[in-house]
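Residue-level structural notes
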Amino acid sequence: MDTPVHTFRFGPYESRPRSRELYKHGMKLKVRPQPLQVLNLLLNRAGDVVSREVLREELWSAETFVDFEHSLNTAVKEIRATLGDSPLAPRYIETLPRLGYRFIAPVEVINGVSDLASLPTPSTPKSNGNPASLAATIPADIRANEIPSEATRPNQNRRPYLWLAVALAAVGVALAIVASVWLRKTEYFWRSPIADARFQMVTDFDGIEEAAAVSRDGHFVAFLSDRDGQMDVWVTQISSGEFHNLTRGKVPELANPSVRTLGFSPDGSLVTFWVRKKGSSAGSDISISAVPTLGGQPRPFLEDVAELDWSRDGSRLVYHTPGPGDPLFVSDGSRLSDSPPIFTAPSGLHSHFPLWSPDSKFIYFVQGSLPDKLDIWRITPAGGNPQRITSHDTRVTYPVLLDGRTLMYLASDSDGSGPWLYSMDVERRIPHRLTSGLDRYTSLATSADGRRLVVTLASPKRTLWRLPITDSPNEVSAPARISLTTSTGFSPRLGPDYLLYASAAGATESIWRIANGAGTELWSGQDAQLLGGPAISADGRQVAFSVRQHGKSLLYVMQSDGTNARMVADSLDLQGDPAWAPDGQSLTSAANDHGVPRLFRVPLDGHAPSLFVQEYSVDPTWAPDGQFVVYSGPDIGTTFSVKAVAADASAHALPPLTLTRGARHIAFLPGGRSLVLLRGEIQHKNLWLINLDTGAERQLSNLTPDFDIRDFDISPDGREVVLERVQDLSDIALLDLPKP
């Protein structure tokens, strides 16, 4: 970077690039060199958009091997934290999605010449209080045509003009009423509820902080963190700077991104948390526990309950159990309800995140198909037909109400980007996206008065790793990271002598191939979202993949070198991974059929797809001999079952197999008599091998608690596995909203 010789002043801050120092009110601040370089580059080009590519060229040389995306995200986050700035309502650094960053505050340049373009300031006529001097500022041609005074105006009959004035006034009033109604209907006067929010970071740990909750009085924040090694419940009193681990490793499984895992009792004395017994797969082992906010022993709170919310006065409780359809109940708060549920989601759907409205007239909740076909609904406490509030049909989570009409929530875009912060007036129901940029928002909570918001800001990182499979049950190898041409890698699939994986850059997702140490892009699509991983044919010569693009889901086939790509289906609402039939003449894929995903056969010769499996079925994997196909059933609680059918769609027996939600891919070892799958907690699983003949099981990996596998694949010879690792590096942030 060409270091400017001048000093920058903005707000209470002063940056001195030559000495690499940043001051606030004359006090030197502690800032790492790299974030300060980013700040100075933005200051030197204040008012202009600086692309991420320019930042990379200026700050990281071509010979420097670094995870640029993560490094830049971290640098910008550190600068914002130092300046007390907010990505939600920026005062200094604005993020422009898919473009870059811009410094938006006024900048004063000292001891040098600014690169900023100086805009001329228009002169304004000033009066010294003398009417004559004010008149002198009016151009002569206008003064020459002044309206005559009452004394010089001819005496005329003004009555016709009076009626005309009245008529024009009436028309003006009518137009004003119409315009007012139109503006209100289109929410012309809508204003972001966080426009003037004061932003501050609550945590700055290494690792993961997530699922934040705030007490009703806004004084305490609880969150999950792996700061001490495993995931625990932590609490802090706002602005105290002190953090306390409330569970200290005593509760083994706490994380579940599909529900609101943390909360406070109405009086703030207890932190409540979702829990599932370690190694359990039964829904009845899900419950709510509690621990004193000021410290103490965790204890059971509500057995067989998955989520809950208290009415504003603390007199009523809404909760749902983990049974099919997540049955929703209302009780007086002193005990669980003896009455039937007020609502149960239809077969195959879920209802999560129950929330009382401030006046207790409605219960809001999220309903749909996990993980990414969800929306917000509401129902009266007495039950009845629910009303749909949002229409995103994407991943929608964490609804909160700031008041009786202002709803905030998290929602992803149709291309899978996000989640972002959204808000809407629940009576007008027009969604407004409040945030942009690269940070994801993975949790949202609010105090009782709606003036304090707590969010989780996450920067996901996806990498690929190799792990050898040994013959010895006592030998477990450690994974080794794979060097990629791209900054991210996910959905890996192994061919005979190559590795395929997916990557994303902005709104473009692509498929890459690594062979003989070289990386090649095979396919890319603007605004395209890959649905599951690519599927490699048995001979390794062809690749099938499905994408969602421009509102449609499309199934493609191409050669393994990326040539001859052609679409083979565009009439199905595809879901999950496709799979090659062993004969190579058709594909099997799940598609939405009347609201339920079912497996379809898709011939490659142009014939129409046909229904294959009648029940709920996704993510198929064919046995190598083509005799049967295994697939996943619906989520019930936090688990799903693995089933199989024969090639003619008749039943095929499998050993009873129930897995934990979070990763569904299953692979066969050569010979087709052993399955490799992921087993464990929702966010931490290991690879296991199951022999279909004997039922014998063997653990293939022993990964550290922070190693979260989202996908994997087995090499054709069965000697190696490739893992997709996801690291959600995240922090908790606080937004204080001004009083109305």
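The structure this text deals with has already been given above.
Below or above, wherever it landed, is the structure these notes cover. (Residues numbered from 1 in each chain as written. Predicted model: local features only at pLDDT ≥ 70, side-chain atom pairs only at ≥ 80, totals over all residues. Heavy atoms only, no water.)

1. Structural notes on the overall build of the chain
Helix and strand counts for the chain stand at 6 helices and 54 strands. Contacts in the chain between residues far apart in sequence, at least 24 positions, make up 44% of those at least 6 positions apart. Accessible surface, the chain as shown: approximately 34,500 Å² in total, 52% of it carbon and sulfur. (Helix = DSSP H or I, 4+ residues; strand = E, 2+ residues; numbered from the N terminus. Contact = heavy atoms within 4.5 Å. Areas by Shrake-Rupley, 256 points an atom, 1.4 Å probe, with all protein chains shown as cover.)

2. What to know about helix H1 (residues 33–44)
The end-to-end C-alpha distance of H1 is 16 Å, a good match for the 16 Å that 12 residues give at a rise of 1.5 Å each. Among the 12 residues in H1, 9 count as buried, and that is most of the element. Residues Pro35, Leu36, Val38, Leu39, Asn40, Leu41, Leu42, Leu43 and Asn44 constitute the buried set of H1. (Expected span 1.5 Å × (residues − 1). Buried < 20%, exposed > 50% of the residue type's maximum accessible area, 1.4 Å probe, protein only.)

3. Structural notes on the pattern of salt bridges
Inspection of every chain in the model, using the stated rule, returns 27 salt bridges. Glu94 serves as the salt-bridge partner of Arg102, at 3.0 Å between the closest nitrogen and oxygen. The class of Arg102 is partly exposed, set by a relative accessible area of 24%. Measuring nitrogen to oxygen at the nearest pair gives 2.9 Å for the salt bridge that ties Arg198 to Asp736. Here Arg198 is found in strand E9 (residues 198–201), whereas its partner Asp736 is found in strand E54 (residues 720–736), with 538 residues between them in sequence. Within this structure, Arg9, Glu14 and Arg16 form a network of salt bridges that share partners. (Salt bridge = Lys/Arg side-chain N within 4 Å of Asp/Glu carboxyl O.)

4. Description of the side chain of Glu14
The topology assignment puts Glu14 in strand E2 (residues 13–16). Side-chain polar atoms of Glu14 contact the side chain of Arg16, separated by 2.7 Å. (Polar contact = N/O pair within 3.5 Å; in protein donor to acceptor, adjacent residues only side chain to side chain.)

5. Brief notes about the packing of aromatic side chains
Inspection of the entire model under this criterion finds 19 aromatic pairs. Between the aromatic rings of Phe223 and Phe243, the centroid separation amounts to 6.2 Å while the plane-to-plane angle is 75 degrees, which identifies the pairing as edge-to-face. With Phe223 in strand E11 (residues 220–225) and Phe243 in strand E13 (residues 243–245), the pair connects residues that are 20 residues apart, well separated along the chain. A relative accessible area of 21% means that Phe243 is categorised as partly exposed. A centroid spacing of 5.7 Å and a plane angle of 10 degrees characterise the contact between Tyr409 and Tyr422, whose relative ring orientation is stacked. Placement of the pair is Tyr409 in strand E26 (residues 406–411) and Tyr422 in strand E27 (residues 420–425), with a sequence separation of 13 residues. Taken together, Phe10, Tyr13, Tyr92 and Phe103 form an aromatic cluster joined through their ring pairs. The ring of Phe205 is capped by Arg227, whose NZ or CZ atom sits 4.0 Å from the centre of that ring. The side chain of Arg601 reaches across the aromatic face of Phe612, ending 3.9 Å from its centre. (Phe/Tyr/Trp six-rings, centres within 6.5 Å; stacked < 30°, edge-to-face > 60°. Lys NZ or Arg CZ within 6 Å of the ring centre and 35° of its normal.)

6. Examining the side chain of Ser730
Secondary-structure assignment places Ser730 in strand E54. Looking at Ser730, its side chain comes within polar contact range of the main-chain oxygen of Glu209, at 2.6 Å.

7. Topic: the sheet that holds strand E48 (residues 658–660)
Pairing within the open sheet is antiparallel, and its 4 strands lie in the order E45-E46-E47-E48. The open sheet has two edge strands with one neighbour each: strand E45 (618–622) and E48. Along the sheet, successive strands turn relative to each other by an average axial angle of 30 degrees, direction set aside. Bridge analysis of E45 against strand E46 (residues 628–636) gives 3 bridges, and the strand direction is antiparallel. When the bridges of E46 are listed, Thr621 appears paired with Val630. (Pairing = 2+ DSSP bridges. Axes fitted to C-alpha atoms, helices over the stretch in contact; angles between N-to-C directions.)

8. Side note on empty space enclosed by the protein
Rolled over the atoms, a probe as big as a water molecule pinpoints where empty space is left. Within the structure shown, the criterion is met by 5 cavities of 30 Å³ or more. Approximately 530 Å³ is the volume found for the largest cavity. For the largest cavity, the lining is made up of 32 residues, of which Arg216, Arg260, Asp309, Leu355 and Thr446 are closest to its centre. If you list the elements that add at least two residues to the lining of the largest cavity, you get strand E10 (209–214), strand E14 (262–264), strand E15 (270–276), strand E18 (307–310), strand E21 (350–356), strand E25 (396–401) and strand E29 (440–446). Tallied by class, residues from the lining of the largest cavity come to 20 nonpolar, 7 polar and 5 charged. (1 Å grid on protein atoms, 1.4 Å probe; cavity = no way out; pocket = protein on both sides within 12 Å on 5 of 7 lines; lining within 4 Å. Points joined across faces, edges and corners; volume = space filled by probe spheres on them. Nonpolar A, V, L, I, M, F, W, Y, C, P; charged D, E, K, R; others polar.)

9. Some points on the environment of Val38
Structurally, Val38 can be placed in helix H1. Along the backbone, Val38 and Val76 are 38 residues apart, and their C-alpha atoms lie at a distance of 7.4 Å. Ignoring any residue separated from it by four or fewer positions in sequence, one finds Val38 in contact with Leu59, Leu72, Ala75 and Val76.

10. A short note on the environment of Pro399
Looking at the secondary structure, you find Pro399 in strand E25. Here Pro399 falls in the buried class, since its relative accessible area comes to 0%. Placed 33 residues apart in sequence, Pro399 and Val366 show a C-alpha to C-alpha distance of 7.8 Å. Excluding its chain neighbours within four sequence positions, the residues that come into contact with Pro399 are Arg260, Phe353, Leu355, Val366, Ile376, Leu407, Met408 and Tyr409.

11. Digging into the pairing of strand E33 (residues 499–505)
Summarising burial for E33: 5 of the 7 residues are buried, a large majority. Pairing between strand E32 (residues 490–494) and E33: 3 bridges, direction antiparallel. From the neighbouring strand, Arg493 faces E33, where its bridge partner is Leu500. From the end of E32 to the start of E33, which pair antiparallel, there are 4 residues. Bridge analysis of E33 against strand E34 (residues 508–515) gives 7 bridges, and the strand direction is antiparallel. Considered in E34, the bridge of Tyr501 is made with Trp512.

12. Concerning the sheet that holds E13
Across the sheet, which stays open at both edges, the 4 strands sit in the order E10-E11-E12-E13 with antiparallel pairing between neighbours. Looking at strand neighbours, the two that pair on one side only are E10 and E13, the edges of this open sheet. In this sheet, adjacent strand axes meet at a mean angle of 25 degrees when their direction is disregarded. Pairing between E10 and E11: 4 bridges, direction antiparallel. Following the sheet pairing, Val214 is matched in E11 by Val221.

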